[in-house]
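Listed below are the residues making up each chain.
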Amino acid sequence: MIKKILKFLLFLLFWFLPSLICRDYSYFDSINTPFFTISKPLFGIAWTILYVLITISIFKISESNFYNLKEYKKDLFYNYIFNQLFTIIFFCFKNNFLAFIDVLLTLITSLFLYYETKEIDKKASRFLIPYIIFLIYAFILSLTIYFINL
């Protein structure tokens with residue numbers, strides 16, 4: 001049981017790594033944002049919940065024959081990279097256009113990840129649905145931020 005808890009916590013820890021690297025969130029306060037932007041505390045709560053749900057999905061898949069799931073691991077890897085790059089691109093490099101492209105790529109790879117997860121375990125794929133919905137919101141938000149800050 002302890003081994004499973006540690007495995008879950010390790011999976012979860014990886015999703016929070018960029019927040020440890022780039023801590024200058026003042027850029028967000030300096031740009032124009034649309035009326036439908038949720039508050040910073042809600043962003044933190046939302047992403048924490050989403051990372052827990054993603055981790056539950058990954059953990060459930062890892063309990064199956066994880067080592068033979070090449071396509072799943074590839075999609076998970078790409079989604080993870082694009083997801084993690086956003087914080088660095090937006091908050092460290094302060095590049096709204098690349099951040100928008102990154103959100104688009106994160107959304108696309110999350111759809112592939114959802115499909116692969118669903119092929120392996122339908123229950124595990126359900127944990128990714130809130131992630132996809134939030135990424136659609138993030139896509140619209142990042143596109144709007146890009147255009148109103150030109």
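Predicted model only: the values in this text are computed from it and were never measured.

Calculation rules
Residues numbered from 1 in each chain as written. Predicted model: local features only at pLDDT ≥ 70, side-chain atom pairs only at ≥ 80, totals over all residues. Heavy atoms only, no water. Salt bridge = Lys/Arg side-chain N within 4 Å of Asp/Glu carboxyl O. Helix = DSSP H or I, 4+ residues; strand = E, 2+ residues; numbered from the N terminus. Buried < 20%, exposed > 50% of the residue type's maximum accessible area, 1.4 Å probe, protein only. Patch = residues over 30% accessible without salt bridge, like charges linked within 9 Å, V, L, I, M, F, W, Y side chains within 5 Å. Areas by Shrake-Rupley, 256 points an atom, 1.4 Å probe, with all protein chains shown as cover. Lys, Arg positive; Asp, Glu negative; His and termini not counted. Charge placed at Lys NZ, Arg CZ, Asp CG, Glu CD. Expected span 1.5 Å × (residues − 1). Contact = heavy atoms within 4.5 Å. Axes fitted to C-alpha atoms, helices over the stretch in contact; angles between N-to-C directions. Parallel < 35°, antiparallel > 145°, perpendicular 65-115°, else oblique. Left-handed = near helix turned anticlockwise from the far one by under 90°. Nonpolar A, V, L, I, M, F, W, Y, C, P; charged D, E, K, R; others polar.

Asker: Is there a simple way to explain the pattern of salt bridges in this structure?
Answerer: Any two side chains of opposite charge can pair, so long as their charged atoms come close to each other. Using the criterion set out here, one finds four salt bridges in the structure. Where Lys-40 meets Asp-29, a salt bridge forms, and the shortest distance between an N and an O atom there is 2.9 Å. Of this pair, Lys-40 sits in helix H4 (residues 40-62) while Asp-29 is found in helix H3 (residues 26-30), placing the two residues 11 residues apart along the sequence. Since its relative accessible area comes to 42%, Lys-40 is described here as partly exposed. Residue class for Asp-29 comes out exposed when judged on its relative accessible area of 52%. For Glu-71, the salt bridge is made with Lys-74, and the minimal N-O distance between the two is 3.0 Å. Remark: Lys-74 and Glu-71 occur in helix H5 (residues 70-92); sequence separation between them is three residues, near one turn of the helix. Overall, the relative accessible area of 37% leaves Glu-71 in the partly exposed class. Three or more residues are tied together by salt bridges with common partners; here these are Lys-4, Lys-7 and Glu-63.

Asker: Just to check I follow, could you spell out a positive patch on the surface for this structure?
Answerer: Together, Lys-60, Lys-118, Lys-122, Lys-123 and Arg-126 line one region of the surface with positive charge. Per-element tally for the positive patch: the top contributor is helix H7 (residues 122-126), with three residues. Secondary-structure assignment places Lys-123 in helix H7.

Asker: Looking at this structure, I do not really get helix H8 (residues 129-148). What am I missing?
Answerer: Owing to its 3.6 residues per turn, the α-helix brings residues three or four apart onto one side. The terminal C-alpha atoms of H8 lie 29 Å apart, and with 20 residues this matches the ideal 28 Å at 1.5 Å per residue to within 8%. Those residues of H8 that fall on the buried side of the exposure criterion are Tyr-131, Ile-132, Phe-134, Leu-135, Tyr-137, Ala-138, Leu-141, Ser-142 and Ile-145. Looking at the buried residues of H8, the elements they touch are H3, H4, H5 and helix H6 (96-120).

Asker: Just checking my understanding: could you explain the packing of H5 against H6 for this structure?
Answerer: It is the contact of H5 with H6, at a shortest axis distance of 8 Å, that shows an interaxial angle of 155°. Regarding the angle of H5 to H6, the classification is roughly antiparallel. Crossing hand, H5 versus H6: left-handed. For the contact of H5 with H6, a count of residues per class yields 15 nonpolar, seven polar and four charged.

Geometric values such as these leave the question of function open.
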